[in-house]
Amino acid sequence: MRRKNWMLTFAMLLTLSLFLAACGGGTADSGEEGGNEGGGGEGGTTFLNILTGGSQGTYYPLGGSFATIINSNVDGAEANAVSTGASVENMKKLRDGDGELAFTQTDIASYAANGEVMFDKAIEGVQAIGTLYPETIQIVTTKDSGIETVEDLKGKVVSVGAPGSGTYANAKNILEIHGITMEDIEKRDLEFGDSTSGIQDGSIDAAFITSGTPTGAVESLAATTDVNIVKFGDGKIQELIDKVPFYSKDTIAKGTYGLEEKVDTVAVSAMLVTTSDMSEDLVYNITKSIFENTDQITHSKGEVITAESALKGVGIDVHPGAQKYFDEVGVSAE
């Protein structure tokens, strides 16, 4: 009898142990260890969502190239470019844990870190990987519109970018320096593709577009319509730079969008950022893979993305992993 009871107890214990083994936690290579650093996954894979912008801007195709480079050069990483509302939305998504890497304008990153302008409070932990290229402010219209300078925008239907976007902040700064308010125009809050479509069908007169040139949406418009880029008033470029140091002088080259002459304007810088939660080793490898494989970037902006210029105008803390790479290659912010 005792033997039968012992055997029954043993069988029950064996069954229980097998059940717990089947339902139990993962192993060291299941992605649990460090799984929150960029979104751990099965087999130790780290999933990285790269927050970009609209599909017809510059961030999205660049993000696709960066994802390809990371996937080919960073072991255990799987990156994916995600279309978003761009800079401001990207900062909020980083805060909420909805992405691991993000494109943004340098001015927007600074506003986010300091809790200024469109951010009610500071977003903690946003850190730079590096600046990439000038983000040119382009005020786009058609040759037939009769709009030549910013002052001509008064009373016109003008797209100023999505509400709370970096483009909106740029439009506000530029209008104000010319003595114009948002109430002086018929404001439309449209993304780049909708803005150029509106210009093409005549529903809007002009649009502010902050993006690397050439911008896909404007190129598409120029393919069917004679494009004009609205000019700043005399001395207004320097006046804006003196008032808002994030801006620098920039030029849209002759021939871009079929322009018959160059157009002087201003720019901020595009930047790639992450959060302080990302591991130093992972960010180091991401930084190294991007800046040492710029020849694999399919967008024309790849020609101006360099490690040598990546710390210029950053304006926020640099992630230790990125800093480690720049220290190795002898790059400083000066």
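Worth saying up front: this structure is predicted, and the values here are computed from it rather than measured.

Some thoughts on the packing of helix 5 (residues 166-177) against helix 8 (residues 236-243)
For the pair helix 5 and helix 8, interaxial distance at closest approach is 10 Å and the crossing angle is 120°. The orientation of helix 5 relative to helix 8 falls into the category oblique. Of the two possible hands of crossing, helix 5 and helix 8 adopt the one that is right-handed. When helix 5 is examined against helix 8, the residues N173, I174, E176 and I177 are found in contact with a partner set consisting of K236, E239, L240 and K243.

Overview of the pairing of strand 1 (residues 46-51)
Of the strand pairs in this sheet, strand 1 and strand 2 (residues 77-82) are connected by six bridges, and their pairing is parallel. By the bridge assignment for strand 2, N49 is matched with N80. In the classification by handedness, the crossover that spans strand 1, the intervening helix 2 (residues 59-73) and the parallel strand 2 is right-handed.

Overview of the pattern of salt bridges
Enumeration according to the criterion identifies nine salt bridges in this entry. With its nearest N and O atoms 2.8 Å apart, the salt bridge here joins E176 to K172. Taken together, the residues E176 and K172, both in helix 5 and four residues apart, mark about one turn of the helix. Linking D264 and K262 is a salt bridge whose minimum nitrogen-to-oxygen distance equals 3.4 Å. We classify D264 as partly exposed; its relative accessible area is 26%.

Points about the side chain of D107
As for its placement among the helices and strands, D107 is situated in helix 4 (residues 106-114). For the buried residue D107, which engages in no salt bridge, the nearest side chain bearing the opposite charge is K172, 12 Å off. A distance of 3.4 Å separates the side chain of D107 from the side chain of N170, its partner in a polar contact. Each residue touching D107, except ones within four places of it in the same chain, is listed here: N170, F246 and V268.

Overview of the packing of aromatic side chains
Taken as a whole, this structure holds five aromatic pairs when the rule is applied. Taking the centre distance of 5.2 Å and the plane angle of 25° together, the rings of Y59 and F103 count as stacked. Taken as a pair, Y59 in helix 2 and F103 in strand 3 (residues 101-105) lie far apart in primary sequence, 44 residues in all. With relative accessibility at 7%, the residue Y59 sits in the buried group. Of the residues examined, F103 reaches a relative accessible area of 0% and is grouped as buried. Centroid distance Y325 to F326: 5.5 Å. Interplanar angle 65°. Geometry classified as edge-to-face. Neither Y325 nor F326 differs from the other in exposure class; each is buried.

A word on the nonpolar core
The biggest cluster of nonpolar side chains holds 53 residues, and the ones touching the most others in it are F66, I70, M91, F119, L132, F291 and F326. Leaving out residues up to four positions away in the same chain, F291 has contacts with I129, T131, L132, I305, T306, A307, A310, Y325 and F326. Among the nonpolar cores identified, the runner-up in size contains 25 residues, and I137, V160, I185 and F232 belong to it.

Description of the packing of helix 3 (residues 87-95) against helix 4
For the pair helix 3 and helix 4, interaxial distance at closest approach is 9 Å and the crossing angle is 40°. The orientation of helix 3 with respect to helix 4, classified from their angle, is oblique. As helix 3 runs across helix 4, the sense of the crossing is right-handed. Touching S87, V88 and M91 of helix 3 are I108, A109 and A112, all from helix 4. Of the residues belonging to the contact of helix 3 with helix 4, the class tally is five nonpolar, one polar and no charged.

As for unusual backbone geometry
Cis geometry marks the peptide bond from T213 to P214; its omega dihedral reads -5°. Within the fold, P214 resides in the loop between strand 7 (206-211) and helix 7 (216-222). You will see that A86, though not glycine, has its phi angle at about 75°, which is positive. On the secondary structure map, A86 appears in the loop between strand 2 and helix 3.

What counts as what
Residues numbered from 1 in each chain as written. Predicted model: local features only at pLDDT ≥ 70, side-chain atom pairs only at ≥ 80, totals over all residues. Heavy atoms only, no water. Axes fitted to C-alpha atoms, helices over the stretch in contact; angles between N-to-C directions. Helix = DSSP H or I, 4+ residues; strand = E, 2+ residues; numbered from the N terminus. Parallel < 35°, antiparallel > 145°, perpendicular 65-115°, else oblique. Left-handed = near helix turned anticlockwise from the far one by under 90°. Contact = heavy atoms within 4.5 Å. Pairing = 2+ DSSP bridges. Right-handed = clockwise from strand over helix to strand, strands pointing away. Salt bridge = Lys/Arg side-chain N within 4 Å of Asp/Glu carboxyl O. Buried < 20%, exposed > 50% of the residue type's maximum accessible area, 1.4 Å probe, protein only. Lys, Arg positive; Asp, Glu negative; His and termini not counted. Polar contact = N/O pair within 3.5 Å; in protein donor to acceptor, adjacent residues only side chain to side chain. Phe/Tyr/Trp six-rings, centres within 6.5 Å; stacked < 30°, edge-to-face > 60°. Core = buried A, V, L, I, M, F, W, Y, C linked by side-chain atoms within 4.5 Å. Nonpolar A, V, L, I, M, F, W, Y, C, P; charged D, E, K, R; others polar.

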